[in-house]
Amino acid sequence: MATVELRNVSKLFGANVKAVDNVNITINDKEFVVLVGPSGCGKTTTLRMIAGLEDITSGEIYIDGTLVNDITPKDRDIAMVFQNYALYPHMTVYDNMAFGLRIRKYPKQEIQTRVNEAAQILHIEELLDRRPKALSGGQRQRVAVGRAIVRKPKAFLFDEPLSNLDAKLRVQMRAEISALHTRLQATMIYVTHDQVEAMTMGDKIVVLKDGIIQQIGSPLELYNHPKNRFVAAFIGSPPMNIMTAKILEKDGKIVADEGDFQIELEGKLADTLKSYINKEVLIGIRPEDFVYTQTPQKTNNIRTHVEVVEPLGAEIHLYVSTQNHQLIVRVQPRYEFHVGDEANFAPDMEKLHFFDIDSEEIIGA
């Protein structure tokens, strides 16, 4: 396996459409890195540049310490798994998996050994004589992964490989790909727009927006310590609630005034926000960071109107409103709520996030 490094990599389409903007990423040997972001953020373009399927406008890409800007895709020693499987319909599963090795003129016995080993790993031994049209979506994806495994490449590239599968099969396949990474100890780069896939699969996540890296870190680092509003709202399901509030000083205390409610700030957080007195900021609160209070609290009480109740078994999602904002709250199923109820919540003060309203960067990180 190998390290993959992108240095100041950019990609222009036409004269002024910048799909990827000065991206710097280091994927360490045996690491599973996920590129995540909304449609059009540049993640697939980045992956295709690593593969050599897209030319680089500027910057450098290194695979295993070798500059590969001018090296053809077939000579980069990488294997790519595509969203649409890209299987040859007239070939059997065995022949699809063996095709790349035959092109490279591997001995027949070694091809057979590699294909059989990959089939065992993926539990598709009984499918080797079938053609793709006789396979389910999940089976086709396993064959596509198997075709990559037999190559024993320096790095595996996955371009939204699960997006064509149903929800239940996606959960199963992402667990299988994670287990495959552990077994092969391979360098893997995985592209998805699904932040749940990113959180559950990646050792490291790269969050992209408009071709620019917003933050790189472990799943929990991004979840607990987002650097800006975009990362805070994108990572997490349901997403973080974002509200506008004004920082005021009242009776010697620093408060965040939302209009319907006020949150008294203490300690380091209050000191940090003193420079924002009489200015508006953004407050971020994750759905699980509200504390339900059956009686209104004297301070930090958020009174809401319940508009939608989503019982999910292990938890309940409430869509509630204040006069100024719509919020999502996650509560335990022991509480009973109905549409139209008035419900009081207090924020977990240690879990609040504040963002500058202009730059949208985190305050006090």
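Residues numbered from 1 in each chain as written. Predicted model: local features only at pLDDT ≥ 70, side-chain atom pairs only at ≥ 80, totals over all residues. Heavy atoms only, no water.

Draft legend 1. Region of the structure containing the domain arrangement of the chain. We note that the domain assignment places domain 1 (4-234) and domain 2 (241-356) within the chain. Counting residues at the interface gives seven residues for domain 1, matched by six residues for domain 2. Between domain 1 and domain 2 the total buried area reaches about 640 Å² when both faces are included, carbon and sulfur atoms providing 56% of it. When the area that domain 1 buries against domain 2 is broken down by residue, the three leading residues are Y223, R229 and A232, summing to 75%. Run the count over domain 1 and domain 2 and you get zero salt bridges. Here domain 1 is connected to domain 2 by three residue pairs in polar contact (both at pLDDT 80 or more). For the side of domain 1 that touches domain 2, the secondary structure elements donating two or more residues are α7 (219-224) and α8 (229-234). Looking at the side of domain 1 that touches domain 2, its residues break down into four nonpolar, two polar and one charged. (Domains from an automatic or database assignment. Contact = heavy atoms within 4.5 Å. Buried area = accessible area lost by both parts, 1.4 Å probe. Salt bridge = Lys/Arg side-chain N within 4 Å of Asp/Glu carboxyl O. Polar contact = N/O pair within 3.5 Å; in protein donor to acceptor, adjacent residues only side chain to side chain. Helix = DSSP H or I, 4+ residues; strand = E, 2+ residues; numbered from the N terminus. Nonpolar A, V, L, I, M, F, W, Y, C, P; charged D, E, K, R; others polar.)

Draft legend 2. Local environment of the pairing of strand β8 (residues 188-192). With five of its five residues buried, β8 lies for the most part within the structure. Covered by surrounding structure in β8 are M188, Y190 and T192 together with I189 and V191, the residues of both alternating faces. The pairing of strand β7 (residues 155-159) with β8 spans four bridges and is parallel. By the bridge assignment for β8, F156 is matched with M188. Between β7 and its parallel partner β8, the chain crosses via helix α5 (residues 167-184), and the hand of that crossover is right-handed. (Buried < 20%, exposed > 50% of the residue type's maximum accessible area, 1.4 Å probe, protein only. Pairing = 2+ DSSP bridges. Right-handed = clockwise from strand over helix to strand, strands pointing away.)

Draft legend 3. Inspection of the side chain of R147 at higher detail. Following the sequence through the fold, R147 ends up in helix α4 (residues 137-149). No salt bridge is formed by the buried R147; the nearest opposite charge belongs to D159, separated by 12 Å. If near-sequence neighbours (up to four positions away) are discounted, R147 is found in contact with Y85, A86, L87, N96 and M97. (Lys, Arg positive; Asp, Glu negative; His and termini not counted.)

Draft legend 4. Main features of α4. When the terminal C-alpha atoms of α4 are compared, their 18 Å separation across 13 residues agrees well with the 18 Å that a helix rising 1.5 Å per residue should span. For α4, every residue scored as buried is listed here: G138, Q139, Q141, R142, V143, A144, V145, G146, R147, A148 and I149. The inward-facing, buried residues of α4 abut β6 (78-81), α2 (93-103), α3 (108-122), β7 and α5. (Expected span 1.5 Å × (residues − 1).)

Draft legend 5. Structural detail: α5. When the terminal C-alpha atoms of α5 are compared, their 26 Å separation across 18 residues agrees well with the 26 Å that a helix rising 1.5 Å per residue should span. When we look at burial in α5, the residues that qualify are L169, M173, R174, I177, L180 and H181. Along the long axis of α5, the arc covered by the buried residues comes to 135°, so they all point the same way. The exposed residues of α5 that point more than 90 degrees off its buried face are K168, T182 and R183. On its buried face, α5 sits against β3 (32-36), α3, α4, β7, β8 and α6 (195-201). At the N-terminal end of α5, a side-chain oxygen is found 3.2 Å from the backbone nitrogen of K168, two or three residues along, and the residue is D166. (Arc of directions from axis to C-beta.)

Draft legend 6. Expanded view of unusual backbone geometry. A cis amide bond, omega -5°, links S237 with the succeeding residue P238. In this fold, P238 is placed in the loop between α8 and β11 (241-250). In this structure, K152 is a non-glycine residue whose phi angle is positive, near 50°. As for its placement among the helices and strands, K152 is situated in the loop between α4 and β7.

Draft legend 7. Highlighting the sheet that holds strand β12 (residues 253-257). An order of β13-β12-β11-β14-β20 is seen for the five strands of this open sheet, with the pairing classed as antiparallel. Each edge of the open sheet is held by one strand with a lone partner, namely β13 (262-265) and β20 (353-356). Across this sheet, the average inter-strand angle for adjacent strands is 40°, counted without regard to direction. In the sheet, β11 pairs with strand β14 (residues 280-285) via six bridges, with the strands oriented antiparallel. From the neighbouring strand, K246 faces β14, where its bridge partner is E280. (Axes fitted to C-alpha atoms, helices over the stretch in contact; angles between N-to-C directions.)

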